[in-house]
Amino acid sequence: MTDKIPFTKMHGCGNDYIYVNTMEHPIADPVSAAIAWSDRHKGIGSDGLVLIDRSPVPEADFSMRIFNADGSEAMMCGNASRCIGKYLYEHGITTQTHLRLLTLSGVKMLELHVEQPLPSHQGEGSGVGSVTSVTVDMGVPVLDDPAQFVPSRGLDKGTFVSMGNPHYVIFTDDIDQVGDLGRRLEKHPAFPQRCNIEFAQVVTDGCIRTRVWERGSGITMACGTGACATAVAAALTGNCGRNSQIIMDGGTLEIEWRESDNHVYMTGPAEFVFDGEIETI
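So, here is what we can say about the structure in this document. (Residues numbered from 1 in each chain as written. Predicted model: local features only at pLDDT ≥ 70, side-chain atom pairs only at ≥ 80, totals over all residues. Heavy atoms only, no water.)

1. Concerning the overall build of the protein
Across its full length, the protein carries four helices and 17 strands. By the compact-globule yardstick of 19 Å for 281 residues, the protein fits well, its C-alpha radius of gyration being 19 Å. Expressed as lengths along the three principal axes of its C-alpha atoms, the size of the protein is roughly 60 × 45 × 35 Å. The proportion of buried residues among the 281 residues of the protein is 51%. Summarising the internal contacts of the protein: among those between residues at least 6 apart in sequence, 61% fall at separations of at least 24. (Helix = DSSP H or I, 4+ residues; strand = E, 2+ residues; numbered from the N terminus. Rg over C-alpha atoms; globule rule 2.2 N^0.38 Å. Buried < 20%, exposed > 50% of the residue type's maximum accessible area, 1.4 Å probe, protein only. Contact = heavy atoms within 4.5 Å.)

2. Quick word on the pairing of strand S3 (residues 48–54)
It is a general feature of regular strands that their side chains alternate between the two faces of the sheet. Burial runs high along S3: five of the seven residues are buried. Pairing of strand S2 (residues 15–21) with S3 involves four bridges; the strand directions are parallel. Among the inter-strand pairings, Asn21 is bridged to a residue of S3, identified as Ile52. Crossover connection from S2 via helix H1 (residues 30–38) to parallel S3: handedness right-handed. Sheet analysis places S3 next to strand S4 (residues 62–68), joined by seven bridges and oriented antiparallel. (Pairing = 2+ DSSP bridges. Right-handed = clockwise from strand over helix to strand, strands pointing away.)

3. Thoughts on the pairing of strand S15 (residues 251–257)
The pairing of strand S14 (residues 243–248) with S15 spans six bridges and is antiparallel. Bridge assignment links Ser244 to a residue of S15, and that residue is Ile255.

4. Observations regarding the side chain of Asn79
On the secondary structure map, Asn79 appears in helix H2 (residues 78–90). A distance of 3.0 Å separates a polar atom in the side chain of Asn79 from a polar atom in the side chain of Asn15. At 2.8 Å, the side chain of Asn79 and the side chain of Arg82 are in polar contact. Beyond its immediate stretch of four places on either side in the chain, Asn79 contacts Gly12, Asn15, Tyr19, Ala222, Cys223, Gly224 and Leu253. (Polar contact = N/O pair within 3.5 Å; in protein donor to acceptor, adjacent residues only side chain to side chain.)

5. Considering the packing of aromatic side chains
The tally for this structure, following the rule as stated, stands at six aromatic pairs. Relative to Phe160, the ring of Phe149 has its centre 4.8 Å away and its plane inclined at 15°; by these criteria the two rings are stacked. Residue Phe149 is found in the loop between strand S8 (130–137) and strand S9 (159–162), and its partner Phe160 is found in strand S9; the two are separated by 11 residues along the sequence. With a relative accessible area of 5%, Phe160 lands in the buried category. When the ring of Phe149 is compared with that of Tyr168, the centres are 5.9 Å apart and the planes differ by 45°; the resulting orientation is tilted. Linking Phe149 in the loop between S8 and S9 with Tyr168 in strand S10 (residues 166–171), this pair joins segments that are 19 residues apart in sequence. We note Arg258 situated over the ring of Tyr265; from NZ or CZ to the ring centre the distance is 3.8 Å. (Phe/Tyr/Trp six-rings, centres within 6.5 Å; stacked < 30°, edge-to-face > 60°. Lys NZ or Arg CZ within 6 Å of the ring centre and 35° of its normal.)

Here you go:
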């Protein structure tokens, strides 16, 4: 008899992942699972697989690993980190609204914005609040990372920003070139580890429309680290101040590049889609 793994499908602004609580259900081969389960015709369908676990170090409360739809492992995902905060709180795994999440790009601080339930005598509410949005301290942006970006290799029309993973932001009036040009730029020789590519257009002061090509996944509805990278690039190029709204295909994220500590703070929603079970790989 084949074992089955419980999973939860969640999304942040349309950036959808499969979430598995590996504290209870470890996955032996997450690479193969991510490829098979992410298939939108033959599997569950997603941008990738996210594993939630206890932190192995005292500096964090929980950890996450992210595997893209092609099986490659990602360093960080802002949308996934918000979804993990909602998952942990609403599943009763934690009662804390400030969490420390260990990622491959370091520990990220999550602030959960919780709407309390109605009293049980009114016939509604389970005693667990609903997480309406999450603010993530995404840390200090890195603008010069020779391990991930080699500017001498002929790219000069965009801005490189690393938010724990590499992004290249291009301001243009044609953001719909994301499919053709994004596919080619992801593997450009300037990016030894491949790259996420953003195409951004200023709509109004403080409001930027962005489309993203994610390495390992292709066009996605949203990208949290990509929204942060876009906001930083906009401030650096004079297209925006330090506070901005980044409008992506699946929704809007609020980004603040705080001057006091140079950290980038991302606030946005996280949503459950459905729960299910799937055969192990």
